[in-house]
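Topology and contacts: notes
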Amino acid sequence: MSPTPRTMDGMQPAPEPLTQHIQRVIARVRAYDRRHPAAWDLHLTGLCVSVALIDYATGGWRAVARSTEAPDWLVIALNLGFAVPLLWRRGHPLAVLLAMTPVALVNAWTGTVLQAAMLQLVVVYNIALRLPLRTLAWTAPLTIAPILVLAARHPLNGWNQELVPPLMSIAVAALAGIAVRTRRDYTEALEDRARRLEIERDQQARLAAAAERARIASEMHDIIGHNLSVITGLADGGRYAAAKSPERAAQALDAIAGTSRQALTELRRLLDVLRDDHQHPEAGLAPQPALTDLDQLIDGVRSAGLPVRLTTHGTPALPPGRQLTVYRVVQEALTNTLKHAGTGATADIALSYAGRGAATVTVTDTGHGARPVDGTTTGRGLPGMRERTALYGGTLEAGPRPLPERGWRVRLHLPEEPSP
């Protein structure tokens, strides 16, 4: 197929009004045919029967007949034999052609040569359109036999003129059926592909929505879980200090207020992402937590009553996504320590950076509280950390420290980024 002509600006030109009108008419006819196939077949068959009978009644058949000696009843029977079977041409085209073949042989043998014999071409067209293409082999002897009988019994011209025009008409009818069938199959393939693409698009949208919900759930868990743990620790410390040291209680309240404001800011930034970007263009521009925010995170945990020591080796050179992963893992580890380590516990954070985004983070504590082991909790803590780590091909280990030491250890390792 040749490409559709386009204008100089690359746009496809609008079809002509006459072309649009013809396309609308064809579409309406096809739609009516799909809704009422029997009515369409009856109309077409009735039209062909009427034309055949009119040809007999007016005597027009005598102008092309090789012999006019056939009785009237035979002429009527032959006309009906060619026209009436068209009613079943779509459902059983090969059977219709088999039923027409004896009629065509009698038509050729008697030399009547009725115009209704051309209705065989309609049946050949339907065979090429609806049946397997190998079935066309059956049409050759069924349609050529009457032509040979007519040329042998009632010769009028040379064999070339007797055979070539009828055979060309049969070939054209078959090729027309094949062309329409190819076009129909191509259109159905395009429609099927469009349906599959729509289904795939909807599936991708659902998967993207599920992934986004999981990401938001993980972020909400990290933000709310950590900050509420810090606030709880500060509130407990302030309550004990209120009676003996009002100044310490006031400091705890100030720390609670600061932590609450930080949590609200992070939640507002996260929720703004869910809104329309055109109404809130600044939502996508709000920075995610990075390595530079670790000091503020650790200060908040210290103010909640957990001593934390930070050790750093190497120079951090991580992209924003890896920085966020390191930050969230440290945040989750400290949150679990606040929840489960018990009183008198301490925490150590060791950060080690290497080239091309490689990093190792180890968070240990000296707590003695019970911890949920992997797989026994429905929370988002350990699964969320592992999901973040898997994005960069890293590993995450979380579990009790080996005896005789007590406490818990979380170790994150991010490998080097692949070479571009």
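Residues numbered from 1 in each chain as written. Predicted model: local features only at pLDDT ≥ 70, side-chain atom pairs only at ≥ 80, totals over all residues. Heavy atoms only, no water.

Comments concerning the overall build of the protein chain
For the protein chain, the helix and strand inventory stands at eleven helices and five strands. When the 420 residues of the protein chain are sorted by exposure, 36% land in the buried category. Across the protein chain, every contact between residues at least 6 apart in sequence was considered, and the portion connecting residues at least 24 apart equals 69%. Element-wise, carbon and sulfur atoms account for 62% of the exposed surface of the protein chain, whose accessible area totals about 25,000 Å². (Helix = DSSP H or I, 4+ residues; strand = E, 2+ residues; numbered from the N terminus. Buried < 20%, exposed > 50% of the residue type's maximum accessible area, 1.4 Å probe, protein only. Contact = heavy atoms within 4.5 Å. Areas by Shrake-Rupley, 256 points an atom, 1.4 Å probe, with all protein chains shown as cover.)

Thoughts on the pairing of strand S5 (residues 408–414)
Along a regular strand, successive side chains alternate from one face of the sheet to the other. On S5, burial follows the alternation: Trp 408, Val 410, Leu 412 and Leu 414 on one face are buried, whereas Arg 409, Arg 411 and His 413 on the facing-out side are not. Of the pairings in the sheet, the one linking strand S3 (residues 359–365) to S5 comprises seven bridges and is antiparallel in character. Looking across to S5, one finds that Thr 364 is bridged to Arg 409. Relative to S5, strand S4 (residues 395–400) runs antiparallel, the two being bridged by six bridges. Bridging across to S5, Ala 398 finds its partner in Val 410. (Pairing = 2+ DSSP bridges.)

Regarding the packing of helix H2 (residues 37–58) against helix H3 (residues 72–83)
The contact between H2 and H3 brings their axes to 9 Å, and the two run at 155°. When the interaxial angle is binned, H2 and H3 end up roughly antiparallel. In this structure, H2 meets H3 at a crossing whose hand is right-handed. Contacts from Thr 45, Cys 48, Val 49, Ala 52, Leu 53 and Tyr 56 in H2 reach Asp 72, Val 75, Ile 76, Asn 79, Leu 80 and Ala 83 in H3. In terms of residue class, the contact of H2 with H3 is built from nine nonpolar, two polar and one charged. (Axes fitted to C-alpha atoms, helices over the stretch in contact; angles between N-to-C directions. Parallel < 35°, antiparallel > 145°, perpendicular 65-115°, else oblique. Left-handed = near helix turned anticlockwise from the far one by under 90°. Nonpolar A, V, L, I, M, F, W, Y, C, P; charged D, E, K, R; others polar.)

Some details on the packing of aromatic side chains
Counted according to the given criterion, the structure contains zero aromatic pairs. One cation-aromatic arrangement involves Arg 153 over Trp 109; the distance from NZ or CZ to the ring centre is 4.1 Å. (Phe/Tyr/Trp six-rings, centres within 6.5 Å; stacked < 30°, edge-to-face > 60°. Lys NZ or Arg CZ within 6 Å of the ring centre and 35° of its normal.)

Structural notes on helix H10 (residues 320–340)
Since the α-helix packs 3.6 residues into each turn, any two residues three or four apart lie on the same face. The terminal C-alpha atoms of H10 lie 30 Å apart, and with 21 residues this matches the ideal 30 Å at 1.5 Å per residue to within 8%. Positive backbone phi, approximately 85°, marks Gly 342, located one or two places after H10. (Expected span 1.5 Å × (residues − 1).)

Section: a positive patch on the surface
A cluster of basic residues, Arg 30, Arg 34, Arg 35 and Arg 183, forms a positive patch at the surface. For the positive patch, the leading source of residues is helix H1 (residues 17–35), giving three residues. With respect to the helices, strands and loops of the structure, Arg 35 is situated in helix H1. Take Arg 35: its relative accessible area is 55%, and that puts it in the exposed class. (Patch = residues over 30% accessible without salt bridge, like charges linked within 9 Å, V, L, I, M, F, W, Y side chains within 5 Å. Salt bridge = Lys/Arg side-chain N within 4 Å of Asp/Glu carboxyl O. Lys, Arg positive; Asp, Glu negative; His and termini not counted. Charge placed at Lys NZ, Arg CZ, Asp CG, Glu CD.)

Topic: the packing of helix H9 (residues 294–303) against H10
Packing of H9 against H10 leaves a shortest axis separation of 11 Å and a crossing angle of 5°. Between H9 and H10, the angle falls in the class roughly parallel. Two secondary-structure elements touch here, H9 through Leu 294, Leu 297 and Val 301 and H10 through Tyr 327, Val 330, Gln 331, Leu 334 and Leu 338. A per-class count over the contact of H9 with H10 returns seven nonpolar, one polar and no charged.

Description of the pattern of salt bridges
A complete count under the given rule lists twelve salt bridges for this structure. One salt-bridge network, held together by shared partners, links Asp 41, Arg 89 and Arg 90.

Describing helix H4 (residues 93–110)
Here H4 contains 18 residues, and its C-alpha end-to-end distance of 26 Å stays within 8% of the 26 Å for a straight helix at 1.5 Å per residue. Its axis deflected by about 30° at Thr 101, H4 carries its strongest bend there, up to four residues before the proline Pro 102. For H4, the complete set of buried residues consists of Pro 93, Val 96, Leu 97, Met 100, Thr 101, Val 103, Ala 104, Asn 107 and Ala 108. Following H4 by one or two positions, Gly 111 adopts a phi angle in the positive range, close to 75°. (Bend = angle between axes of the 7 residues up to and from the residue.)

Quick notes on the confidence of the model for the protein chain
On average, residues of the protein chain score 79 in pLDDT, and 77% of them reach the 70 mark or higher. A low-confidence stretch, residues 1–5 stays under pLDDT 50, and its non-local contacts, those more than four residues away or across chains, total four contacts. Low confidence marks residues 374–378, where pLDDT is under 50. Its contacts with residues over four positions away, or in another chain, come to three contacts. (pLDDT = per-residue confidence, 0-100.)

Details of the environment of Val 103
Relative to the elements of secondary structure, Val 103 occurs in helix H4. Measuring from C-alpha to C-alpha, the distance between Val 103 and Asn 79 comes to 8.9 Å, with 24 residues separating the pair along the chain. Ignoring any residue separated from it by four or fewer positions in sequence, one finds Val 103 in contact with Leu 78, Gly 81 and Phe 82.

Details of the sheet that holds S4
In spatial order, the strands read S1-S2-S3-S5-S4; together these five strands make up an open sheet with mixed pairing. Here the strands that pair on one side only, and so sit at the sheet edges, are strand S1 (308–313) and S4. Going across the sheet, the axis of each strand differs from the next one's by a mean of 10°, ignoring polarity. The sheet strands contacting H9 are S1 and strand S2 (347–353), and the helix crosses S1 at an angle near 160°.

Topic: the environment of Thr 335
By the secondary structure assignment, Thr 335 is in helix H10. Residues Thr 335 and Val 301 lie 34 residues apart in sequence; the distance between their C-alpha atoms is 8.4 Å. A distance of 2.7 Å separates the side chain of Thr 335 from the backbone oxygen of Gln 331, its partner in a polar contact. (Polar contact = N/O pair within 3.5 Å; in protein donor to acceptor, adjacent residues only side chain to side chain.)

Structural notes on the nonpolar core
Counting residues in hydrophobic clusters, the biggest one holds 32 residues, and the most contacted among them are Val 308, Val 326, Val 330, Leu 334 and Ile 349. Looking at this core, the elements with two or more residues in it are H9, H10, S2, S3, helix H11 (381–390) and S5. With six residues, H10 is the largest single contributor of residues to this core. Ignoring sequence-local partners within four residues, the contact set of Val 308 consists of Ile 298, Val 301, Arg 302, Leu 334, Ala 347 and Ile 349. (Core = buried A, V, L, I, M, F, W, Y, C linked by side-chain atoms within 4.5 Å.)

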